[in-house]
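Working through the structure, step by step
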Amino acid sequence: MPVVQALKPAAEAGPPIAAAEADVVALPLKRPSLAERCGPVFSAASARVVPPLIVLALLLVVWELLCAQAGSRLPPPSKVLTDTWDFIVDPFYDNGGIDKGAFWHIARSLSRVAVGFALAAVVGIALGVLVGQSTWAMRGLDPIFQVLRTIPPLAWLPLSLAGFRDAQPSAIFVIFITSIWPVIINTSVGVRQIPQDYRNVAAVIRLSWYEFFWKITLPATVPYIFTGLRIGVGLSWLAIVAAEMLIGGVGIGFFIWDAWNSSRISDIIVALTYIGLVGFLLDRLIAALGHVVSRGTSAS
Amino acid sequence: MGAKAYLSFEQVGMSFRRGTHASEVLRDVDLRIGEGEYVSIIGHSGCGKSTLLNIVGGLLKSTTGEVFLEGQVVDAPGPDRAIVFQNHSLLPWLTVYGNVRIAVDKVFGGTKSSKERHDWVMHKLELVQMAQHKDKRPHEVSGGMKQRVGIARALAMQPKVLLMDEPFGALDALTRAHLQDSVMDIHAKLGNTVMMITHDVDEAVLLSDRIVMMTNGPSATIGEVLAVDLPRPRRRLELATDPEYTGCRAAVMAFLYSRHKLPSRAA
Ligand SMILES: Nc1ncnc2c1ncn2[C@@H]1O[C@H](COP(=O)(O)OP(=O)(O)O)[C@@H](O)[C@H]1O
Ligand SMILES: [Mg+2]
């Protein structure tokens, strides 16, 4: 069955801490001190944090070396930092219009994503549950979903503008239509995977359709739903930045477009960094939410 | 047992259809079970025992004949015929308590207060010795404990008939013996009518008032019915040398392993 499953709901592989623990355990006879007992925790954390920092530093050095010569088309990191220092240290300024700090742009983009993505989540879960109920609905609709989900977000924008005749709802619609497919597809697959055992139990105690939905379908499908939501939120963050470039106004997407038009390359680079970090945080947020909501669901 | 029919099977037959091809699994099953009676169904794997139990449970509809419970035709699943499933079938996102509570809320939601339902759940968990594990989730307890919770959930529905589909099949011998003793205790206390499927001869003899032996499929039916005239409470150690016990055991063995060893229409 075709599942959009770039991300699995399974737990992530833990950091390699076994070696560090072995060292501590090997200490003979002495009661381990606080530092020693915390050792494994710290080394586990540093094993996670240190390598990316080293790689990042190396990349910055290479970048600096490559772009430091006069006549280079892109600024080196040192110049990016000096150019944008004011912008970085004061994300909350507001000079009216679109001349605002990074916080306001990101907040605006996020609010669009929040609305569009929330709609997609509700409608997507509902449709996914409906489609998952019936083999025929699944057979009929799945190929259509599979085609629709490959349409790039921006391709929807002109149609959306034609329909809504207004930039704001169009942007939200683009988010919605981009992120809904993985939610529908994963939810419906999840519903189809509900074990017959649960259905039998529900039949014996005579759960109504409504009770079955809340007490069986949703909890049993939660890991699948969150897989879909996680893919969806990533797609909607991709989509909003692109859509905002076209619709204008406050938002991190148009901020980049505006910076390009005024040749503020350093601003673009800072904005890209912010976009990446926010996207990363969104993904983690949904993953963490899924983890909390579905604790115990996957293990049986 | 001369008890009047409480649960009765009248000419029950079952065929499964795959496309145009229909395969007959059960034919002409006739059986009467008295109130409070403990009846085991024994037969080789694949003969149709689960199918028969699921028909009583209402999860399957027989293609011919009917099942009656207290004179009423059985045509849908319901809590008056609670099922203990072979694979426990607990909901993994609910605690031990929650798994029993969901059934109690549904069955007694209109007749018992919340406090009464809580006490009812706890009482059933105590009955299967799972009260101290009430806040654990199914994956945190052993296979035998899961099965105990499954039994508690079924008992909590206060069923007219308790249906058990190889309830101890997936357990090791020691755990199984423990659970069998628990089930005997509970049956002595509550006097439920029980229909249990098993493929274990000792289990059948130890627990049952009557053992229903099924012929091999396809078109399986009841081959013989054996009454086990052993006084209760029964203790497995004392029974090992009891002539009635060994006699029953030999009779069931003879049915299963000599007369119905090969898949053939019979008896
Ligand atoms: N839903 C079904 N569709 C088709 N055949 C089935 C179905 N359920 C059971 N059967 C067939 O019926 C026969 C009896 O199955 P079952 O009742 O599970 O046997 P037992 O519980 O005695 O091992 C088997 O041959 C099985 O393949
Ligand atoms: Mg079976």
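You'll find the structure just up there.
A few points on the structure. All figures in this text were calculated on a predicted structure; none of them were measured in a lab.

Facing 19 residues of chain A, the contacting portion of chain B comprises 21 residues. Between chain A and chain B the total buried area reaches about 1900 Å² when both faces are included, carbon and sulfur atoms providing 69% of it. Of all residues in chain A, Val201(A), Val204(A) and Ile205(A) give up the largest surface area on contact with chain B, accounting jointly for 32% of the area buried on that side. For the pair chain A and chain B, the interface holds one salt bridge. Here Glu211(A) and Lys106(B) are joined by a salt bridge, their closest N and O atoms 3.0 Å apart. If you look at where chain A meets chain B, you find four residue pairs in polar contact (both at pLDDT 80 or more). Counting residues per element, the ones that place at least two in the side of chain A that touches chain B are helix 8 (196-204) and helix 9 (209-247) of chain A. With six residues, the single largest contributor to the side of chain A that touches chain B is helix 8 of chain A. Classifying every residue of the side of chain A that touches chain B gives 10 nonpolar, four polar and five charged.

What follows is about the packing of helix 2 (residues 96-108) of chain B against helix 3 (residues 114-127) of chain B. Residues and elements named next belong to chain B. Following both chains from N to C, one finds helix 2 and helix 3 inclined at 130°, their axes separated by 9 Å at the closest point. If you check the angle between helix 2 and helix 3, you find them oblique. Here helix 2 runs over helix 3; the crossing is right-handed. Counting all contacts with helix 2, which are made through Val 96, Tyr 97, Val 100, Arg 101, Val 104, Asp 105 and Phe 108, the residues of helix 3 involved are Ser 114, Arg 117, His 118, Trp 120, Val 121, Met 122 and Leu 125. Grouping the amino acids of the contact of helix 2 with helix 3 by side-chain chemistry returns nine nonpolar, two polar and three charged.

All names here are of chain B. Summarising the element assignment, Arg 27 is placed in strand 2 (residues 21-34). Considering only alpha carbons, one finds Arg 27 and Met 14, 13 residues apart in sequence, at a separation of 6.6 Å. A polar contact is formed between the side chain of Arg 27 and the side chain of Glu 24, at a distance of 2.7 Å.

On to the site of ligand 1. All names here are of chain B. Taken together, Phe 16, Arg 18, Val 25, Ser 45, Gly 46, Cys 47, Gly 48, Lys 49, Ser 50 and Thr 51 form the complete shell of residues around ligand 1. Between ligand 1 and the protein, one listed contact pairs an oxygen atom with a backbone N or O atom of Gly 46 at 2.7 Å. Breaking the shell around ligand 1 down by element, the ones donating at least two residues are strand 1 (5-18) and helix 1 (49-57). At three residues, helix 1 tops the list of elements feeding residues into the shell around ligand 1. For the shell around ligand 1, the class distribution of residues is three nonpolar, five polar and two charged.

What counts and what doesn't
- Residues numbered from 1 in each chain as written.
- Chains lettered and ligands numbered in written order.
- Predicted model: local features only at pLDDT ≥ 70, side-chain atom pairs only at ≥ 80, totals over all residues.
- Heavy atoms only, no water.
- Contact = heavy atoms within 4.5 Å.
- Buried area = accessible area lost by both parts, 1.4 Å probe.
- Salt bridge = Lys/Arg side-chain N within 4 Å of Asp/Glu carboxyl O.
- Polar contact = N/O pair within 3.5 Å; in protein donor to acceptor, adjacent residues only side chain to side chain.
- Helix = DSSP H or I, 4+ residues; strand = E, 2+ residues; numbered from the N terminus.
- Nonpolar A, V, L, I, M, F, W, Y, C, P; charged D, E, K, R; others polar.
- Axes fitted to C-alpha atoms, helices over the stretch in contact; angles between N-to-C directions.
- Parallel < 35°, antiparallel > 145°, perpendicular 65-115°, else oblique.
- Left-handed = near helix turned anticlockwise from the far one by under 90°.
- Near = heavy atom within 4 Å.

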